[in-house]
Amino acid sequence: MFRTALRNVLAHKARLLMTVLAVMLGVAFVSGTLVFTNTISDAYQNSSAKGFQGVDVAVQAKYQDSKGDQVGKTPDLTQTLLDKAAKVPGAASATGVVSGFTAIADKHGKLIGGGWQSAGGNYWGTKDARYPLVSGHAPSGAGQVLIDSKTAERAGYKVGDTVRISVNGPVLTPTIAGIFTTDDGNVTAGGSLALFDTATAQQLFGKKGAYDEIDVTAKSGTGQAALKSELDQALPQKLVETTTGKKLADDQAKQIADGMSGLRQGLLVFAGIALFVGTFIIANTFTMLVAQRTKELALLRAVGASRRQVTRSVLIEAFVVGAVAGVTGLAAGIGIGAGLRALMGSFGASVPDGPLVVTPGTVAAALAVGVVITMLAAWLPGRRAAKIPPVAAMSALHSAPTTKSLVLRNTIGALFSAAGVAVILAATTMSGSDGQAPMGLGAVLLIIGVFVLTPLLSRPLIAAAAPLLRGFGVSGKLARQNSVRNPRRTAATASALMIGLTLITGMTVMAGSLQKSIDKMASAAIRADYVVSMANRNPLSPDVAEKVAATDGVTASSPLRNAASRIGGETEFLTGVDGSAIGKLTDLTVDSGSFKVGGSDVVVDDDTAKSHGWKAGSVFTVHYEDGKAQRLTVAGVYEGNQMIRGIMLDNATLTPHVTDPADMQVMVKTADGATAAAKDKLERALGSNPAIQVQDKQDLSDSIAQVFTLILNMVYGLLAMAVIVAVLGVINTLAMSVFERSQEIGMLRAIGLDRKAVKRMVRLESLVISLFGGVLGIGLGVFFGWAAGRLVGAKMPTYELVLPWTRMAVFLLLAGTVGVLAALWPARRAAKLNMLSAIKSE
């Protein structure tokens, strides 16, 4: 039986090719994901480990939790603590570390490093071992800065050049005193690093006389654990915590691995979808192969082969196919992993240098996925093959499914579909997070139910296309009849395309609806013409609000200043605003009271008011971060949203209690409205700072839309693999169907159907099947998009369902195009059949 199985694989290698390709693509996706994420993770871990080579023990401030009416805060690491750390017996040296955000502009004023990876720090003394100088000297005073060598190379800077930088708002123009090298992973990955002398860094990053961390190096012969023990005894444990360099490196490696784990899981989900779609092709292929070999299988049964042996022979064929697909998929996956890394570099998101990592686990996973998926999909056809009675099979009668089996299938499908719809509808009545799990369960049940019912649905839906097919004469009539001749085969082929289009349509509906709701929210809640903020969403210096207010043409402006407080034993964040201007800059619906902010009068969003039991006129006590308390009065309760919410009070009331004031954004209204000239004035008033963005309401919506578009395009790209696999399924089914109907096609040719009409018949059959899968997929996608939107709508009052009719039409056109393209080879093959040879074939 083993030799028989191998012979069958070799005999049908052309028909198994598409199956191998389908499984190979899924395996390549899986192995490529593992190679890519392992390579990136390994590169970052090695790079971060180098960064901790000069640190034996790190001293960090311990966050003091909120207690009672006291706001939690992180204490400063003072010079006194640094001196104590440096004097412990096992310490060779102690270095104070100061760090923060620092944007560097290139010579054209553009931001280097994309903002998120733009960092700044301090250069310790005249020679800092952490940052070896390539040229120049240590910085001295606020007028000098060091930049990393990669940034200098990218921007064309050299020692002596003036560079434009920004920490939290105002533009600085220091001179480059020197250029240094670093193993910092962010710099290696395309970011930038600027270094100031310690006093300047402390001033710029709001750490006057203090440090973010103290790095201690051990004397020769002193281990990290021994040094840590000495520091624990010398320093106040209530205020600081010590960590060895090894643990820091291990923790960093774990964080990187955890970060990569999320990316890996996300990519593997899409790989799983491609493999799931591939199972339809595998099952279809082996079902058709078994049907075509009924005489052969019957002969094996007649000469003594048991049912188990017949099933085993089919599974051996599947094993060989899966093994070939696994090996080729692994090779392709290694290429994909290398290609993805190179692609990141071409987009400017380079990663630290390191080798391509192919672990034994990746190899095992690729082979296991290829073999297991193929054998599982082939098990049911193998089991059916074993049930063929020898006598019935010897007569070459391909028995159709019995009425009992069809009724059972339709009943199961109806039950699954009904359960899925019921669970989804129940989930839409729940609050956001509570409804996610039931929604996912309902979606799975509904997809399974629709798949099981697809043979039943195929007849009426394909019949609906009959009027259009009549226009193609005999070819159209034959195409419709062939499409419904074997409903199970049609269902399996169409379902592969349905899965991909369901997910694509659902995501498109969600993205379009969310974008519309955000546009409505921005236009409904904000009267301001512009919002000023840092490009990376870091806090702004209060100087920015002052410069904006002084700009010619500005009629009203208000910073939004956040600060922690304690109210009723709980931490609440306060939002400081300009009480006299905020009413002109926002358009919030007031549920009760009035929108009055000033002195001790505040306004509160409805959710916060409900959680504390407040209403207009309520009085409560707030404890600020400086420990002082104040009685405040709720002047009004407004409807909050995702853009504006919380407790608003006047900055004149809040700021005296804040140690280091910082604004998240500044809202601005101008005399001329949102015009190019007004925007230009604001940007020039802020020194054309590359780290600061000035956005009108449309810009805000567009920036959010860019995120949705990026995510949507990524989803489209990842689901394209599933669509490609579905295309292979259509090609495979048609090719095998042509082979199966060789005699019939020969007879049609003999009675006058020309080659062009045969090609048209196969193409129309493929088109009908593909459009059937497209209609089902788009319909399910719209339903899932609506249901998910109901969950989102519970948290977003402006949410409304938007059906992207144009895109859905494109998706349907895509399904039709897939059908036409997939039929090219099978149609050509059918047209080339020799009619006499075909008529004589069995």
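Here the structure is shown first, and the text comes after it.
Let us look at the structure shown here.

### Digging into the sheet that holds strand β1 (residues 57–61)
Read across the sheet, four strands follow the order β3-β15-β1-β16 without closing on themselves; strand pairing throughout is antiparallel. Two strands in the sheet have a free side with no partner beyond their single neighbour: β3 (91–97) and β16 (240–244). Each strand of the sheet is rotated relative to its neighbour by a mean of 20°, with strand direction disregarded. Across four bridges, the pairing between β1 and strand β15 (residues 213–218) is antiparallel. What sits directly across from Val57, in β15, is Val216. Taken strand by strand, helix α3 (residues 79–86) contacts β3, β15 and β16, and its axis lies near 160° from that of β3. Across the face of the sheet, helix α7 (residues 224–234) comes into contact with β1, β3, β15 and β16 while running at roughly 170° to β16.

### Thoughts on unusual backbone geometry
Positive phi, close to 50°, is recorded for Ser688, a residue that is not glycine. Here Ser688 lies in the loop between α22 (676–685) and β26 (692–695).

### Comments concerning the sheet that holds strand β9 (residues 144–148)
Hydrogen bonding along the main chain pairs the strands of a sheet, whether they run parallel or antiparallel. Spatially, the six strands line up as an open sheet ordered β4-β7-β13-β9-β12-β8, and their pairing is mixed. Two strands lie at the open edges of the sheet, namely β4 (99–101) and β8 (133–136), each paired on one side alone. Going from strand to strand, the sheet's axes swing by 30° on average, the running direction of each strand aside.

### Regarding the nonpolar core
If you look at the biggest cluster of nonpolar residues, it comprises 90 residues, and the most contacted ones within it are Phe270, Val277, Phe286, Met761 and Val762. The next biggest cluster of nonpolar side chains, apart from the first, holds 35 residues, and it includes Tyr157, Ile165, Val167 and Ala194.

### A short note on the packing of aromatic side chains
A full pass over the atoms with the stated rule returns seven aromatic pairs. Ring geometry for Trp124 and Tyr211: centres 6.0 Å apart, planes at 65°, overall edge-to-face. Taken together, the positions of Trp124 in the loop between β7 (118–123) and β8 and Tyr211 in strand β14 (residues 210–211) put the pair 87 residues apart, joining distant regions of the chain. Using a relative accessible area of 25% as the deciding quantity, one classes Trp124 as partly exposed. According to the relative accessible area criterion, Tyr211 is buried, its value standing at 4%. The structure contains a cluster of three or more aromatic residues connected by ring pairs, namely Phe783, Phe784 and Trp786.

### Points about the environment of Gly440
The topology assignment puts Gly440 in helix α14 (residues 436–463). By relative accessible area, Gly440 is classed as partly exposed at 34%. C-alpha separation for the pair Gly440 and Phe784, spaced 344 residues apart in sequence, amounts to 9.8 Å.

### Examining helix α16 (residues 473–485)
In an α-helix there are 3.6 residues to a turn, and that puts residues three or four apart on one side. With 13 residues, α16 extends 19 Å from end C-alpha to end C-alpha; this agrees with the ideal 18 Å at 1.5 Å per step. For α16, the complete set of buried residues consists of Ser475, Gly476, Leu478, Ala479, Asn482, Ser483 and Val484.

### Some thoughts on the packing of helix α24 (residues 742–750) against helix α25 (residues 755–793)
Viewed as axis vectors pointing N to C, α24 and α25 meet at an angle of 140°, and their least axial separation amounts to 10 Å. With respect to α25, the axis of α24 lies oblique. In this structure, the crossing between α24 and α25 has a hand that is right-handed. Facing Ile745, Leu748 and Arg749 of α24, the residues of α25 in contact are Arg755, Val758 and Met761. Within the contact of α24 with α25, the residues separate by chemical class into four nonpolar, no polar and two charged.

### Side note on the pairing of β15
Judged by how many residues are buried, β15 sits mostly within the fold: five of six residues are covered. As paired strands, β3 and β15 are joined by six bridges and run antiparallel to one another. Counted as the bridge partner of Ala91 is Ala218 from β15.

### What about the pairing of strand β21 (residues 601–605)?
Counting buried positions along β21 gives five out of five residues, so the element sits mostly inside the fold. Here β21 runs beside strand β23 (residues 629–638); their pairing, made up of five bridges, is parallel. Across the sheet, residue Val602 finds its bridge partner in β23, namely Val634. Sheet topology places β21 next to strand β24 (residues 647–650); two bridges connect them, and they run antiparallel. Across the sheet, Val604 pairs through a bridge with Ile647, a residue of β24.

What counts as what
Residues numbered from 1 in each chain as written. Predicted model: local features only at pLDDT ≥ 70, side-chain atom pairs only at ≥ 80, totals over all residues. Heavy atoms only, no water. Pairing = 2+ DSSP bridges. Helix = DSSP H or I, 4+ residues; strand = E, 2+ residues; numbered from the N terminus. Axes fitted to C-alpha atoms, helices over the stretch in contact; angles between N-to-C directions. Contact = heavy atoms within 4.5 Å. Core = buried A, V, L, I, M, F, W, Y, C linked by side-chain atoms within 4.5 Å. Buried < 20%, exposed > 50% of the residue type's maximum accessible area, 1.4 Å probe, protein only. Phe/Tyr/Trp six-rings, centres within 6.5 Å; stacked < 30°, edge-to-face > 60°. Expected span 1.5 Å × (residues − 1). Parallel < 35°, antiparallel > 145°, perpendicular 65-115°, else oblique. Left-handed = near helix turned anticlockwise from the far one by under 90°. Nonpolar A, V, L, I, M, F, W, Y, C, P; charged D, E, K, R; others polar.

In short, shape yes, function no, at least from these values alone.
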